[in-house]
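Listed here are the chains, written in short residue letters.
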Amino acid sequence: MYLSNVISNTLSLVCTIFTIIVLGYLIGNIKIKGISLGSAGILLVAILFGIFFNANPDISIGDNVINLFNSDIKSKYSLISSIGTVLFVTSIGFIAGPKFFRSFNKKSMSYIYIGIIVILIGGLCTLLFIKLDGNLSTSLAIGLMTGALTSTPGLSAAKEVIGADVDMIVAGYGIAYLFGVLGVVLFVQIIPKLLKIDIDKERDSYIAANPIDVPELKGEYIKLDSFGFFPFFLAIILGCLIGSFYIPGINFCLGNSGGCLLAGLLLGHFRHIGKIDCRIDASTIKALRELGLILFLTGAGVPGGVNFASNVKLSCFIYGIVITLVPMIVGYFIATKVFKLSLFNALGSITGGMTSTPALGALIQTSKTDDVASAYAASYPIALVTVVIVVKLILMIF
């Protein structure tokens with residue numbers, strides 16, 4: 001009986017989540033030629049757990065049968081992912097906010113263009129595969145595109161279109177999502193290695209080239225809590241409200257992620273509401289950012305592993321890889337050669353264009369500066385809008 005209880009508790013949702021996180025950090029810190037998965041190691045472990053759960057949904061312990069991954073547990077992992085997302089993007093908003101609007105200029109428009117270009121190239125690759133492969137349904141191809149670009153809003157938009165095969169869309173998303181996340185995480189680390197960039201020197205040059213003086217607050221402001229949780233959670237509430245407004249014509253809303261990013265940017269910029277102090281210590285913001293990232297990776301990874309194991313097809317997996325890599329490579333070339341962006345700004349805008357939360361985390365870890373979040377914050381919202389438009393255009397064409 002005692003052994004049965006131990007095993008049962010070990011396989012409980014709470015214990016499983018923290019086991020995934022611990023193992024993920026261990027694997028993520030393994031370096032091969034200076035490249036590591038970092039926090040994305042958690043995603044890899046979570047996906048492997050999902051694959052295992054899919055193969056072994058029920059485990060017998062004595063007379064008891066434990067269901068490891070039923071519909072109720074799926075919804076709980078989805079909730080964990082959603083909480084992680086809003087924690088992460090709100091943190092990015094507060095980090096980028098003090099400099100984001102003050103530094104917005106013609107060069108900043110390049111970040112927006114990159115966000116659009118990355119999505120459009122992904123859409124063109126998808127159209128090409130639909131034309132070349134007669135066995136590839138439009139719904140499955142759309143799923144592959146949204147997974148390869150790690151775009152949940154794109155997935156949601158596709159599911160809303162009348163006549164679309166929802167099951168095939170979800171299947172495609174699950175197949176392409178694995179490399180969609182890991183591919184961008186590795187890309188932002190491999191590019192500096194291939195170019196033999198001195199990261200410390202590049203960081204110093206980047207900071208020197210982007211000096212923004214943030215004026216001090218004047219007057220007395222009331223700080224409601226020492227950690228800054230009040231303004232942070234207020235930003236999440238405001239973000240959810242902002243994200244619920246639909247853009248007429250395309251039936252699109254920013255959602256919780258886009259809304260919370262915008263709310264974080266605004267509160268991070270103004271830093272107070274009336275007499276209420278909305279400043280948050282950098283250490284608190286970084287802790288919340290990392291917590292949000294690991295919860296997102298865990299919550300998204302386990303269901304992603306289940307979908308991957310249930311639906312994986314080699315040809316579709318290859319299509320997903322192409323849809324992930326080509327937009328990044330072309331986007332990087334345009335960012336550096338056409339718009340003359342620095343390495344960090346180019347990679348930051350690409351992570352935003354790929355709507356990749358873990359990739360920004362990897363870029364911050366690689367560059368050793370939070371300032372790269374500004375390029376991400378500029379390209380991320382426009383990429384969300386563009387991917388929804390592209391999804392609907394493809395479904396209208398076919």
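Our subject is the structure listed above.
Calculation notes
Residues numbered from 1 in each chain as written. Predicted model: local features only at pLDDT ≥ 70, side-chain atom pairs only at ≥ 80, totals over all residues. Heavy atoms only, no water. Helix = DSSP H or I, 4+ residues; strand = E, 2+ residues; numbered from the N terminus. Buried < 20%, exposed > 50% of the residue type's maximum accessible area, 1.4 Å probe, protein only. Contact = heavy atoms within 4.5 Å. Areas by Shrake-Rupley, 256 points an atom, 1.4 Å probe, with all protein chains shown as cover. Core = buried A, V, L, I, M, F, W, Y, C linked by side-chain atoms within 4.5 Å. Salt bridge = Lys/Arg side-chain N within 4 Å of Asp/Glu carboxyl O. Phe/Tyr/Trp six-rings, centres within 6.5 Å; stacked < 30°, edge-to-face > 60°. Patch = residues over 30% accessible without salt bridge, like charges linked within 9 Å, V, L, I, M, F, W, Y side chains within 5 Å. Axes fitted to C-alpha atoms, helices over the stretch in contact; angles between N-to-C directions. Parallel < 35°, antiparallel > 145°, perpendicular 65-115°, else oblique. Nonpolar A, V, L, I, M, F, W, Y, C, P; charged D, E, K, R; others polar.

Enquirer: Honestly, the overall build of the protein in this entry has me stumped. Any pointers?
Expert: When helices and strands are counted, the protein shows 16 helices and 6 strands. Relative to its 398 residues, the protein shows a buried fraction of 53%. Look at the contacts in the protein between residues 6 or more apart in sequence, and 80% of them connect residues 24 or more apart. Total accessible area on the protein stands at roughly 17900 Å², and carbon and sulfur atoms take up 66% of it.

Enquirer: How should I be thinking about the nonpolar core in this particular structure?
Expert: One recurring pattern in soluble globular proteins is that nonpolar side chains are buried together. Core analysis: the biggest nonpolar cluster contains 107 residues, and Y77, I92, L136, L144, M145, F232 and Y332 have the highest contact counts within it. At 14 residues, the largest contribution of residues to this core is made by helix α16 (residues 373-397). In this structure, L136 is in contact with F129, I130, A141, L144, C316 and Y319, ignoring residues within four places of it in sequence.

Enquirer: Which parts of the structure should I look at to understand the side chain of S367?
Expert: Tracing the sequence through the fold places S367 in helix α15 (residues 357-367). With sequence-adjacent residues up to four places away left out, S367 is seen in contact with I199, R203, F344 and V372.

Enquirer: Can you walk me through the pattern of salt bridges in this structure?
Expert: A side chain with one charge may pair with a side chain of the opposite charge, provided their charged atoms come close. This model, assessed by the stated rule, comprises 5 salt bridges. A salt bridge links K368 to D200; its shortest N-O distance comes to 3.7 Å. Pair noted here: K368 is in the loop between α15 and α16 and D200 is in helix α9 (residues 199-209), with a separation of 168 residues, a long-range link. Owing to a relative accessible area of 55%, K368 belongs among the exposed residues under this scheme. Where D370 meets K286, a salt bridge forms, and the shortest distance between an N and an O atom there is 3.9 Å. Here K286 lies in helix α12 (residues 282-311) and D370 lies in the loop between α15 and α16, a separation of 84 residues in the sequence. Among the charged side chains, a salt-bridge network with shared partners connects D200, R203 and K368.

Enquirer: Looking at this structure, I do not really get the packing of aromatic side chains. What am I missing?
Expert: For any pair of aromatic rings, the description consists of the separation of the ring centres together with the inter-plane angle of the planes. Applying the stated rule across the entire model yields 9 aromatic pairs. Ring centres of Y173 and Y177 lie 5.3 Å apart, and the angle between their planes is 25 degrees; on these two criteria the pair is classed as stacked. Of this pair, Y173 and Y177 both sit in helix α8 (residues 166-194), 4 residues apart, roughly one helical turn. Here Y173 matches Y177 in class, with each residue buried. For the pair F227 and F229, a centre-to-centre distance of 5.4 Å together with 15 degrees between the ring planes defines the contact as stacked. Since its relative accessible area comes to 33%, F229 is described here as partly exposed. The rings of F94, F227, F229, F232 and F233 are connected pair by pair, giving a single aromatic cluster.

Enquirer: Teacher, can you tell me more about a nonpolar patch on the surface here?
Expert: Among the surface-exposed residues, I389, L393, M396, I397 and F398 lie close enough to one another that they form a single nonpolar patch of about 520 Å² accessible area. The residue I389 is located in helix α16 in this model. You can call I389 partly exposed: its relative accessible area is 34%.

Enquirer: What am I meant to see in unusual backbone geometry here?
Expert: Glycine aside, negative phi is the norm for most residues, and most peptide bonds take the trans geometry. With a phi close to 65 degrees, R271 is a non-glycine residue in the positive phi region. Looking at the secondary structure, you find R271 in the loop between α11 (255-270) and β5 (272-273). For R271, a relative accessible area of 13% puts it in the buried group.

Enquirer: Got a minute to help me understand the packing of α9 against helix α14 (residues 343-353) in this structure?
Expert: Packed helices, taken two at a time, are described by their axes: the angle between them and the distance between them. It is the contact of α9 with α14, at a shortest axis distance of 9 Å, that shows an interaxial angle of 85 degrees. Comparing their axes, α14 and α9 come out roughly perpendicular. Seen from α9, the contacting residues are I199, E202, R203 and Y206; seen from α14, they are L343, F344 and N345. Here the contact of α9 with α14 is composed, by residue class, of 4 nonpolar, 1 polar and 2 charged.

None of the figures reported here should be taken as evidence of function without further support.
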